[in-house]
Structure formats: C-alpha cells, structure tokens
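# A closer look at the structure
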Amino acid sequence: MGLTASVLAVDAGNSKTDVAVVAADGTVLATARGGGFRPPVVGVEAAVDKVAQAVGQAFAAAGVESVDHVSACLANADFPVEEEQLAAALHARAWGASTEVRNDTFAVLRAGVTEPRGVAVVCGAGINCVGMRPDGRTARFPALGRISGDWGGGWGLAEEALWHASRAEDGRGPATALAHTLPAHFGLSSMYALVEALHLEHIGTARRHELTPVLFSTAVAGDAVARGLVDRLADEVVTMATVALTRLDLLEEETPVLLGGGVLAARHPQLDDGVRDLLASRAPKAVPQVVTASPVLGAALLGLDRVGASGEVQERVRAYFEA
C-alpha cells in the first residue's frame, strides 16, 4: 500500500493538462503534464483518460496511490451540472477520498490571491470571468460565446478583425489597414484571397488565432478600426469584472481583480491602460493585477482551502510554483 498525499491538483485546459501532488505540509511531491481536456469533442471518459495519464505519471513520481482530496479546475465545466458530471467521472477513478470540480477560471483567480476572495477575468481563446468570497459565494458566467452574451477572446477578436477587413476591401465598411495586414500575415495580397483560402481550408481554421496579434500590432500603428476593437475588449473586460464585483457585494471594498489568459497577460499597452482606466472609473476600489503563476497553483490552493490547510502550508506551495 502506498503513501497518501493531501491534495491532487488538476488544471485541465483545451490544449494541456497540468497536475500536482501536494503533501499535507505543502511539499509538492510531483508534477506532470498531459494532453488537452476536450469532453465536448471526445466525450467525458476519453477526456478523463487524458487526465489519467498525467495523474498516473505524477502518482508514480510521488510514490503515492491516492490523495485525501482531488481539486480539479477544468475547461468546459461551464454549468454546475457539468461540474457535477465531471466530478463524478473523476471520482470514479478513485484518485482521492473526495473530489471537487470547478471551471478552470477559478484556478487563475485563486493563483493570484492569498485568500479565496476576488474576481478574475481570463481572455485567451475565449473570455470568462468568475468571482469568489471566503464564505463560498461565487459569481460566474456561462462563457459559451455569443449565445451567452460574450464578446472578445482571441478567437472572437480574430473574427471581428476579418469582418472589418473584408468590408473595408469591398466597400461596405470604413477603410482599415487590417485589409492589408491580415492577408499579408499569410503571404496573401488581398482579403478576397484570404477569405477564399480560409473557406477552402488552404489555411487551416485553427490558424485564425494567429490574426489576434496582427490586430494588436495594427492598433499600435494607429489604425482607428483596430484601436476601436482593442478599446471594446477593454470595456468588455471591465464590464464583466464590475458585474461580478457587484454580485458579490465587493464593489465598495478593496478587492483584487486578476487578469489572466494569453491576451491579457501579453500586457498590450492600449488594452492594459484601457482596463485600468475603466476600472478606476467604474470600480475605484478594485486592484487590478496580471496573473502569471501557473493555474495549477490555483487548483492546489483551492484543494488546500477545502482540507483546512494553514497559511504556512499554502505559502510553501505558492513558493514552489513561483520560484
């Protein structure tokens, strides 16, 4: 019979899965990385199999067979019913005596705060926002794209840029340098050629995300349409944060607002300044900060919150991941 550790932390996103095994004293016994977690594409069991590969590696390296608690922050866990379904699927693997699943945005939030209190906005491929208080109250959004009222995220920004560029080229919309910078990124001379290449899949659909940095560089060069899209994203980030703060009765208290995901972590000056200026106006007591720590730290800290670990134990885990 192997040793029992305190917490198995899992941060599973669409592109990768990180896991960590944490001892009761806060020592990180082992970490491992696995493939992406995509239950809507491959099904729940196949997605959990991906997590299982990383967990098996970490357990073997740590010399343990199980933990007291599994704390999993998972992409595609957008509604409580999905969290429950995924928690049941993970618990069936017998990795721990108890299992809790949260949306992966909670991992970013908890990684950036010393207690479970604050709001996080994550803008990567998509956009999402969550908030939490130590008493267990949370605020969240479905974050399923346009059907749930979302705007932004790297994928959405690329589509907006394509829309404006196409209309600029054929005369339906105002002129914008995007009509030249977007096709030029792929070595093409016109939006017509780019639209054709995307439609016929000569350029793979997944490569559209490459256009988001092109949008930002075009904005830096002064293009009005591109700058307008960046300003709209700043407004959306602050709108989500302010709504979450209001729901949790934190608008009048000094509260951290964590900014994460590739788009926000890139610290584009126009976006970064826009978010901070709008927060100062709409939520003056909010304290914005960019989170650079690995989200699996947040999953680990949420697990340690659940098992009642001391602040000293939590700081030991944080020191490991921030070293």
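As a reminder, the structure under discussion sits directly above these lines.
Quick caveat, the model's predicted, so the values are computed rather than measured.

## Structural notes on the overall build of the chain
Of regular secondary structure, the chain possesses 13 helices and ten strands. Relative to the globule expectation of 20 Å for 323 residues, the C-alpha radius of gyration of the chain, 21 Å, shows essentially globular dimensions. Carbon together with sulfur atoms contributes 53% to the accessible area of the chain, which is approximately 14,200 Å² in total. With 26 positive and 38 negative side-chain charges, the chain shows a spacing of 2 Å between the two charge centroids.

## Some remarks on helix α3 (residues 80–91)
With twelve residues, α3 ought to run about 16 Å at 1.5 Å a step, and its terminal C-alpha atoms sit 16 Å apart, in line with that. Turning to α3, its buried residues are Glu83, Leu86, Ala87, Ala89 and Leu90. All buried residues of α3 lie within an arc of 160° about the axis, which places them on one face of the element. For α3, exposure combined with an orientation more than 90 degrees from the buried face picks out Val81 and Glu84. Elements in contact with the buried residues of α3: α2 (44–62), β4 (64–74), β5 (96–103) and β8 (138–140).

## Brief notes about helix α12 (residues 295–306)
For α12, built from twelve residues, the straight-helix expectation of 16 Å at 1.5 Å per residue is met to within 8% by its first-to-last C-alpha distance of 17 Å. Of all twelve residues in α12, nine are buried, a share of seventy percent or more. Looking only at α12, the buried set comprises Val296, Leu297, Gly298, Ala299, Ala300, Leu301, Leu302, Gly303 and Leu304. Within two residues after α12, Gly308 carries a phi angle of roughly 75°, on the positive side.

## Considering the packing of aromatic side chains
Enumeration according to the criterion identifies one aromatic pair in this entry. Where Tyr320 meets Phe321, the ring centres are 5.0 Å apart and the plane angle is 85°; that geometry is what we call edge-to-face. Tyr320 sits in the partly exposed class, given a relative accessible area of 42%. For Phe321, a relative accessible area of 18% corresponds to the buried category.

## What to know about the environment of Asp68
Secondary-structure assignment places Asp68 in strand β4. Between the C-alpha atom of Asp68 and that of Ala5, which follows or precedes it by 63 residues, the distance is 6.4 Å.

## Concerning a nonpolar patch on the surface
Taken together, Phe79, Val81, Leu144 and Ile147 make up a surface patch of nonpolar side chains, about 410 Å² in accessible area. Within the secondary structure, Leu144 is located in the loop between β8 and α5 (153–170). Residue class for Leu144 comes out partly exposed when judged on its relative accessible area of 41%.

Definitions and cut-offs
- Residues numbered from 1 in each chain as written.
- Predicted model: local features only at pLDDT ≥ 70, side-chain atom pairs only at ≥ 80, totals over all residues.
- Heavy atoms only, no water.
- Helix = DSSP H or I, 4+ residues; strand = E, 2+ residues; numbered from the N terminus.
- Rg over C-alpha atoms; globule rule 2.2 N^0.38 Å.
- Areas by Shrake-Rupley, 256 points an atom, 1.4 Å probe, with all protein chains shown as cover.
- Lys, Arg positive; Asp, Glu negative; His and termini not counted.
- Charge placed at Lys NZ, Arg CZ, Asp CG, Glu CD.
- Expected span 1.5 Å × (residues − 1).
- Buried < 20%, exposed > 50% of the residue type's maximum accessible area, 1.4 Å probe, protein only.
- Arc of directions from axis to C-beta.
- Contact = heavy atoms within 4.5 Å.
- Phe/Tyr/Trp six-rings, centres within 6.5 Å; stacked < 30°, edge-to-face > 60°.
- Patch = residues over 30% accessible without salt bridge, like charges linked within 9 Å, V, L, I, M, F, W, Y side chains within 5 Å.
- Salt bridge = Lys/Arg side-chain N within 4 Å of Asp/Glu carboxyl O.

Purely spatial values, then, with no claim about function.
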